[in-house]
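Coordinate inspection notes
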Amino acid sequence: MTPRPDDEARTELRDLVATASQRRESERERVETEFWQEIDRLQGRYHGAQQDIADALDVKRNQILRQTKRYRPAD
């Protein structure tokens with residue numbers, strides 16, 4: 001059986017969990033940004049590609065437009 005934690009161990013554990021959570025959030029944002037930037041590039045491949053992408057992702061074209069605008073790099 002593992003020993004009961006003291007206050008220092010609990011504090012350390014909370015800090016480690018918070019760090020892991022922050023890392024997860026930053027990675028999630030990075031991956032989400034990369035995904036929508038790639039979708040933005042792909043929708044220009046041919047006329048009607050945006051609808052085909054929406055069908056493949058099972059979302060509305062409007063969502064494709066909103067998300068690609070949101071994650072579009074600032075030029």
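The rules behind the values
- Residues numbered from 1 in each chain as written.
- Predicted model: local features only at pLDDT ≥ 70, side-chain atom pairs only at ≥ 80, totals over all residues.
- Heavy atoms only, no water.
- Helix = DSSP H or I, 4+ residues; strand = E, 2+ residues; numbered from the N terminus.
- Rg over C-alpha atoms; globule rule 2.2 N^0.38 Å.
- Buried < 20%, exposed > 50% of the residue type's maximum accessible area, 1.4 Å probe, protein only.
- Contact = heavy atoms within 4.5 Å.
- Lys, Arg positive; Asp, Glu negative; His and termini not counted.
- Charge placed at Lys NZ, Arg CZ, Asp CG, Glu CD.
- Core = buried A, V, L, I, M, F, W, Y, C linked by side-chain atoms within 4.5 Å.
- Expected span 1.5 Å × (residues − 1).
- Arc of directions from axis to C-beta.

What follows is about the overall build of the protein chain. Across its full length, the protein chain holds three helices and zero strands. Order of helices (α) and strands (β) in the protein chain, N terminus to C terminus: α-α-α. In terms of overall size, the protein chain is more extended than a compact globule, its C-alpha atoms giving a radius of gyration of 20 Å where 75 residues would be expected to give roughly 11 Å. C-alpha atoms of the protein chain, sized along the principal axes, occupy 65 × 30 × 15 Å. Across the 75 residues of the protein chain, 16% fall into the buried class. Long-range contacts, defined here as pairs at least 24 residues apart, represent 47% of the contacts in the protein chain between residues at least 6 apart. Across the protein chain, the mean location of the 15 positive side-chain charges is 5 Å away from that of the 16 negative side-chain charges.

The subject of this paragraph is unusual backbone geometry. The phi torsion at aspartate 58 lies on the positive side, around 60°, for a residue other than glycine. Among the secondary structure elements, aspartate 58 is positioned in the loop between α2 (49-57) and α3 (61-71).

Grouped together as the largest cluster of nonpolar side chains are six residues: Trp36, Ile39, Ile53, Ala54, Ile64 and Tyr71. Among the secondary structure elements, those contributing two or more residues to this core are α1 (7-42), α2 and α3. Residues contacting isoleucine 39, with those up to four places away along its chain left out, are Ile53, Ile64 and Thr68.

Right, let's talk about α1 for a bit. For α1, which comprises 36 residues, the first-to-last C-alpha distance of 52 Å matches the rise-based estimate of 52 Å (1.5 Å per residue) to within 8%. For α1, the set of buried residues is Trp36, Gln37 and Ile39. Those residues of α1 that are buried lie in contact with α2 and α3.

Moving on: α3. Along α3, the residues classified as buried are Ile64, Gln67, Thr68 and Tyr71. An end-on view of α3 places all buried positions within 100° of arc, on one side of the element. Projecting away from the buried face of α3 at angles above 90 degrees are the exposed residues Arg66, Lys69 and Arg70. Of the surrounding elements, those touching the buried residues of α3 are α1 and α2.

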